[in-house]
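What follows is the residue order along each chain.
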Number of protein chains: 2
Amino acid sequence: MSPRKSVAEARRTRERIVEHAIAVASVDGLEGLTIGRLAMDLGMSKAGVLGHFGTKESLQLATLEGASAVFARTVWERAQHEQPGLPRLQAVCDAWIAYIETEREVFPGGCLFTTAAVEFDARSGPVRDAVARLYRVWRRRLADEVRIAVDCGDLPSGTDPEQVAYELVGLYMAFNQEIQLFADPAAAERTRRALARLFGQEQASSGGS
Amino acid sequence: MSPRKSVAEARRTRERIVEHAIAVASVDGLEGLTIGRLAMDLGMSKAGVLGHFGTKESLQLATLEGASAVFARTVWERAQHEQPGLPRLQAVCDAWIAYIETEREVFPGGCLFTTAAVEFDARSGPVRDAVARLYRVWRRRLADEVRIAVDCGDLPSGTDPEQVAYELVGLYMAFNQEIQLFADPAAAERTRRALARLFGQEQASSGGS
DNA sequence: CCTACCGATCGGTAGG
DNA sequence: CCTACCGATCGGTAGG
């Protein structure tokens, strides 16, 4: 039996639940996540799992938040020691590729944001709103990185940072899908070639320095 | 009562079911599709719906097939009267954009292939296999269009058709998501700018004519 | 194509 | 954190 746990233990249990929920949701989606499945996998009762969140919706939101923290740690922070400008932008993109290729135990079903975005983009409610908010945040940070690279003179002054961020997200989704659907070992190289083209001669025809 | 219908009537009923299943699945996914929901929406009994397919999995496969037919009709055939080469490739891309923007009643939740691909890419089974097969088919046709444009001299001879097809799918996914998640009216223009860059100076640094 | 039904599982609650 | 339980819904079947 294991009633009466300390606050620290309860917190640790919650973390374990979220960690596993991220893995399950990356495969089956945030809607495919079920309390019963989580409880069985973790050797707990359903009420024990649900008690940490109250409702399934809260669990979904906590799962998204957890995935966002992993993303920040794996993709963003890892590039922050690079020099601002194209080097740091490139480092973010490289970390992004590595994150999809190597974080297979955290996200066995691929990037949870991609899954959640497609799953909820046609619905309404708090989960959809949270997904949209996270997307906006990361898109803005990406556009900021591009803007810095333009200011540094690493990219042509006519570059539209929002446009580049938009295309980067598309490349990223294609990459995630190529890995998941076809397990194509050439996918990373494909993505790097597209990035080179995007950064090497972006906007040369519509603006120019 | 409505037992005993003619073969033609039964076929028409099946078509009605598939048509509605496509709309529901584009919002809730192929797994979110339920027999009971379809039956209620169509004013039928669950057994009446299921009788046309046998199992939910068969219904999912029929839904995918139906969506593939719509895609072929709306995107592909519409461009076939154009001149082979860049004009026809461009027409396919334009039809693709129009398809996402205007086919809102057929696909209220956006492109069903994108939804199904993300939903099943980490699973196994006949539905996942069908999704992967459809993706391969459309990717190959897209690459063929690019190859023809290269042969016509409309694109540089160093162009890698598979690479262009890969990037096109990414742009398309970004576009679909931008419409669904943010209802951004600038999304189509963003996509056209990306296409112009892709077709205008593709591969100039890695091959060349 | 229907009614009537099956066991399993869903999210969630009561009470401890 | 547990056991025991709730009504609702799931995919699917029997029989007509």
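Residues numbered from 1 in each chain as written. Chains lettered and ligands numbered in written order. Predicted model: local features only at pLDDT ≥ 70, side-chain atom pairs only at ≥ 80, totals over all residues. Heavy atoms only, no water.

Identification of chain A as TetR/AcrR family transcriptional regulator from Streptomyces yunnanensis is taken from an unreviewed UniProt entry.

Student: A description of the packing of aromatic side chains should follow, citing residues and the corresponding values.
Tutor: Enumeration according to the criterion identifies 14 aromatic pairs over all chains in this entry. Taking the centre distance of 5.5 Å and the plane angle of 70° together, the rings of Tyr99 of chain B and Phe107 of chain B count as edge-to-face. Note on Phe107 of chain B: relative accessible area 4%, which makes it buried. Every member of this aromatic cluster is reached through a ring pair, and the members are Phe71, Trp76, Trp96, Tyr99, Phe107, Phe113, Trp138 and Tyr172 of chain A. Cation over ring: Arg123 of chain B sits above Phe120 of chain B, and NZ or CZ is 5.0 Å from the ring centre. Across the ring face of Trp138 of chain B, the terminal group of Arg141 of chain B is positioned such that the distance to the ring centre comes to 4.8 Å. (Phe/Tyr/Trp six-rings, centres within 6.5 Å; stacked < 30°, edge-to-face > 60°. Buried < 20%, exposed > 50% of the residue type's maximum accessible area, 1.4 Å probe, protein only. Lys NZ or Arg CZ within 6 Å of the ring centre and 35° of its normal.)

Student: How would you summarise the pattern of salt bridges if you had to cite specific residues and measurements?
Tutor: Under the criterion given, the structure shown has 26 salt bridges over all chains. Put simply, Arg37 of chain A and Asp28 of chain A hold a salt bridge, and the shortest N to O gap is 3.3 Å. You can call Asp28 of chain A partly exposed: its relative accessible area is 22%. Lys56 of chain B is the salt-bridge partner of Glu31 of chain B, the closest N and O atoms lying 3.8 Å from each other. Placement of the pair is Glu31 of chain B in helix α1 (residues 7-32) and Lys56 of chain B in helix α4 (residues 56-76), with a sequence separation of 25 residues. With relative accessibility at 27%, the residue Lys56 of chain B sits in the partly exposed group. Within the structure, one salt-bridge network assembled from shared partners comprises Asp28, Arg37 and Asp41 of chain A together with Glu31, Lys56 and Arg123 of chain B. (Salt bridge = Lys/Arg side-chain N within 4 Å of Asp/Glu carboxyl O. Helix = DSSP H or I, 4+ residues; strand = E, 2+ residues; numbered from the N terminus.)

Student: Could you give an account of the protein's contact with DNA strand D, with specific residues and numbers?
Tutor: Neighbouring DNA strand D are 17 residues, the closest being Ser45 and His52 of chain A together with Thr34, Lys46 and Lys56 of chain B. Counting only atoms of DNA strand D within 4 Å of the protein, the sugar-phosphate share comes to 62%. At 2.5 Å from a phosphate oxygen of DNA strand D is found a main-chain nitrogen or oxygen belonging to Lys56 of chain B. Elements supplying a minimum of two residues to the surface near DNA strand D: α3 (46-50) of chain A together with α3 (46-50) of chain B. Tallying contributions element by element places α3 of chain B first for the surface near DNA strand D, with three residues. (Near = heavy atom within 4 Å. Polar contact = N/O pair within 3.5 Å; in protein donor to acceptor, adjacent residues only side chain to side chain.)

Student: Now, about the state of the cysteines: what can you tell me, with residues and values included?
Tutor: Overall, the coordinates contain zero disulfides over all chains when judged by the stated rule. Here Cys111 of chain A stays free of any disulfide, with the sulfur of Cys93 of chain A as its closest cysteine sulfur at 14 Å. Just so you know, Cys152 of chain B is unpaired, no disulfide at all, and the nearest cysteine sulfur is the one on Cys93 of chain B, 15 Å from it. (Disulfide = S-S within 2.5 Å.)

Student: Break down the UniProt feature "domain: HTH tetR-type" (unreviewed entry) in chain A for me, with residues and values.
Tutor: The UniProt record annotates "domain: HTH tetR-type" (unreviewed entry) at residues 11-71 of chain A. A helix fraction of 84% and a strand fraction of 0% characterise residues 11-71 of chain A, whose end C-alpha atoms lie 21 Å from each other. (UniProt positions renumbered as here; feature names shortened; annotations may be inferred.)

Student: Mind laying out helix α6 (residues 112-120) of chain A, listing which residues take part and the relevant values?
Tutor: Counting buried residues along α6 of chain A, nine of its nine residues qualify, which places the element largely inside the surrounding structure. Of all the residues in α6 of chain A, the buried ones are Leu112, Phe113, Thr114, Thr115, Ala116, Ala117, Val118, Glu119 and Phe120 of chain A.

Student: Summarise the protein's contact with DNA strand C; cite the residues concerned and give the values.
Tutor: Lining the immediate environment of DNA strand C, one finds 17 residues, of which Lys46 and Lys56 of chain A together with Thr13, Ser45 and His52 of chain B sit closest. In DNA strand C, atoms within 4 Å of the protein come from the sugar-phosphate backbone in 61% of cases. A distance of 3.1 Å separates a phosphate oxygen of DNA strand C from a polar atom in the backbone of Ile35 of chain A. Contact between DNA strand C and Lys56 of chain A: a phosphate oxygen at 2.5 Å from a main-chain N or O atom of the residue. Classifying every residue of the surface near DNA strand C gives six nonpolar, eight polar and three charged. (Nonpolar A, V, L, I, M, F, W, Y, C, P; charged D, E, K, R; others polar.)

Student: Could you give an account of helix α5 (residues 86-102) of chain B, with specific residues and numbers?
Tutor: When the terminal C-alpha atoms of α5 of chain B are compared, their 24 Å separation across 17 residues agrees well with the 24 Å that a helix rising 1.5 Å per residue should span. Within the sequence span of α5 of chain B, burial applies to Arg88, Leu89, Ala91, Val92, Cys93, Ala95, Trp96, Ile97, Tyr99 and Ile100 of chain B. (Expected span 1.5 Å × (residues − 1).)

Student: I'd love a proper account of the packing of helix α4 (residues 56-76) of chain A against helix α5 (residues 86-102) of chain A, names of residues and values included.
Tutor: All names here are of chain A. Two numbers describe how α4 lies on α5: the axes approach to 8 Å, and their chain directions differ by 125°. The angle between α4 and α5 falls in the class oblique. Along its contact with α4, which presents Phe71, Thr74, Val75 and Trp76, the element α5 presents Val92, Ala95, Trp96 and Tyr99. Residues that form the contact of α4 with α5 fall into these classes: seven nonpolar, one polar and no charged. (Axes fitted to C-alpha atoms, helices over the stretch in contact; angles between N-to-C directions. Parallel < 35°, antiparallel > 145°, perpendicular 65-115°, else oblique. Contact = heavy atoms within 4.5 Å.)

Student: Give a description of the packing of α1 of chain B against α4 of chain B that names residues and reports values.
Tutor: Residues and elements named next belong to chain B. Running from amino to carboxyl end, α1 crosses α4 at an angle of 95°, the nearest separation of the two axes being 9 Å. Our classification of the angle between α1 and α4 gives roughly perpendicular. Mapping the contact onto sequence places Arg14, Ile17, Val18, Ala21, Ile22, Ala25, Leu30 and Glu31 in α1 and Lys56, Leu59, Gln60, Ala62, Thr63, Leu64, Gly66 and Ala67 in α4. Split into classes, the residues belonging to the contact of α1 with α4 amount to ten nonpolar, three polar and three charged.

Student: Could you give me a rundown of unusual backbone geometry, with the residues and numbers involved?
Tutor: Phi at Ala183 of chain A is positive, roughly 50°, even though this residue is not glycine. Residue Ala183 of chain A is classed as exposed on the basis of its relative accessible area of 59%.

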